[in-house]
Amino acid sequence: MSAIQLLRELIKASEKAANIARVCRKDEHLFGLLIQEKPKDEANTRFEHDFKTLADCLIQETVKYDIGKLFPELRKNIRGEENPNFTNACGESVIISVSDDRHETTENLQKVLNGDKTAALRLIDEVYRDIDLDDEGWQIPSESVSLDHEISELGIWIDPIDATAEYIQAKEKYSKFPNIMASGLKCVTVLIGVFETVQGNPIIGVVNQPFANEPEPNEFEGKVYWGLTIGDLKFNNIVSIETEDRIAVLSPTEQSKYVEFLKKQLKYDIVYSSGAGYKILKVCTGEAELFLLSRANTYKWDTCAPQAILRSLDGELFDLQDTLVNKSLKKISYRDTKITRNTGGLIAYRNIEKFKDFLKL
């Protein structure tokens, strides 16, 4: 299989996902129908309330359908964050699904939407929309690069909407550094990451920012970031942003002992932001030097795609606790697909030499 061909299709799938997210967010009638609180057994313990939306479920199933149709051998190895079981306002449980039969998928969505055919058709248009390739805009390489693993050794993690709370609330807040948002729609990302199970490394990552720019009120434009590492070959479309500031980007709930250490011992400027995918992306672009998360509240679907981009830039995402306790560089791994939580926290650096300086302290 061509790695570049797979990359193209992943980018197209991410753009279709971004379109669905934008359509759902823009249409007030549709958006009001879609929000549903997650059951307690599915909720992220970091939040008092956690939400899933039909947009989450529909995006996940659309990506699985599109990639699985083109690469049937991968279909059974595509995993996502969301349980596709959705309960409508009438209490009816419906499993979200996308199939070759457009009419069947439409009827499925209508059940979720309590018979709202107009809303269902609006979404269906996006589910089955053809996405035009934009090789120049997405800076896709023209080289022929083959995957060096069998299809059976590959898997995909999808986070259909990372930072769902920001997607729902859309409370825009800037940090003291204008290129890094504290909260809001710009923190929302679609994450699609390909990993190999032999060593557990992420090899292709696509991070799509559906709401990167707002040229007109409530009219949004997205941005796509990607990275690919096959053996010694590394490709990405990252344009580095030079900054003289030493910035550590953290979660607003980060433990004070880590915050104080970074500020006082390492002289970092601390920026609080939302969305694991967004924060790691800021390390990829060079706008932040470090991302640190001490708690075990991220999952493989949060980290696979942005870690793949980091690796294409010679950076890496490590297990924080193992790093601190054992002074070893334990990378976040995807070898065991039954393990979904990153239990030791995270630390991301693009510049490994600066990471070694961190370890000395």
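Computed from a predicted model, the values in this text were never measured in an experiment.

Calculation rules
Residues numbered from 1 in each chain as written. Predicted model: local features only at pLDDT ≥ 70, side-chain atom pairs only at ≥ 80, totals over all residues. Heavy atoms only, no water. UniProt positions renumbered as here; feature names shortened; annotations may be inferred. Helix = DSSP H or I, 4+ residues; strand = E, 2+ residues; numbered from the N terminus. Contact = heavy atoms within 4.5 Å. Buried < 20%, exposed > 50% of the residue type's maximum accessible area, 1.4 Å probe, protein only. Polar contact = N/O pair within 3.5 Å; in protein donor to acceptor, adjacent residues only side chain to side chain. Arc of directions from axis to C-beta. Core = buried A, V, L, I, M, F, W, Y, C linked by side-chain atoms within 4.5 Å. Pairing = 2+ DSSP bridges. Axes fitted to C-alpha atoms, helices over the stretch in contact; angles between N-to-C directions.

Draft legend 1. Up close: the UniProt feature "binding site: Mg(2+)" (unreviewed entry) in the protein. Here the UniProt-annotated "binding site: Mg(2+)" (unreviewed entry) positions come out as Glu81, Asp159, Ile161, Asp162 and Asp302. A maximum C-alpha distance of 9.7 Å is found for the annotated residues, which run over 222 residues; spatially they form one tight group. Within the element layout of this structure, Asp159 appears in strand 6 (residues 154-162). In this view, Asp159 contacts Glu81, Thr189, Val190, Leu191, Trp301 and Asp302; residues no more than four positions away in its chain are not counted. Tracing the backbone shows Asp302 in helix 9 (residues 300-312). According to the relative accessible area criterion, Asp302 is buried, its value standing at 7%. With sequence-adjacent residues up to four places away left out, Asp302 is seen in contact with Asp159, Asp162, Leu191, Ala276 and Gly277. A distance of 2.8 Å separates a polar atom in the side chain of Asp302 from the backbone nitrogen of Tyr299.

Draft legend 2. Quick look at helix 5 (residues 117-127). Burial in helix 5 covers these residues: Ala119, Ala120, Leu123, Ile124, Glu126 and Val127. Each buried residue of helix 5 lies within a common arc of 155° when the element is viewed along its axis, so the set occupies one face. Capping the start of helix 5, Asp116 holds a side-chain oxygen 3.4 Å from the backbone nitrogen of Thr118, two or three residues further along.

Draft legend 3. Fine view of the nonpolar core. Of all hydrophobic cores here, the largest spans 65 residues; its most connected members are Leu10, Ile67, Leu123, Ile156, Tyr167, Ile204 and Leu228. Here this core takes 12 residues from helix 1 (residues 3-26), the largest share from any one element. Excluding residues within four positions of it along the chain, Leu10 makes contact with Ile67, Ile156, Ile192, Val194, Ile204 and Val206. Among the nonpolar cores identified, the runner-up in size contains 33 residues, and Phe177, Val207, Phe291 and Ala348 belong to it.

Draft legend 4. The arrangement of the sheet that holds strand 9 (residues 189-196) in detail. The six strands lie next to each other as 3-6-9-10-11-12, forming an open sheet whose pairing is mixed. Either end of the sheet is taken by a strand with one partner, and the two such strands are strand 3 (78-80) and strand 12 (233-236). Neighbour to neighbour, the strand axes of the sheet diverge by 15° on average, direction disregarded. Pairing of strand 11 (residues 219-230) with strand 12, which is carried by four bridges, proceeds in the antiparallel orientation.

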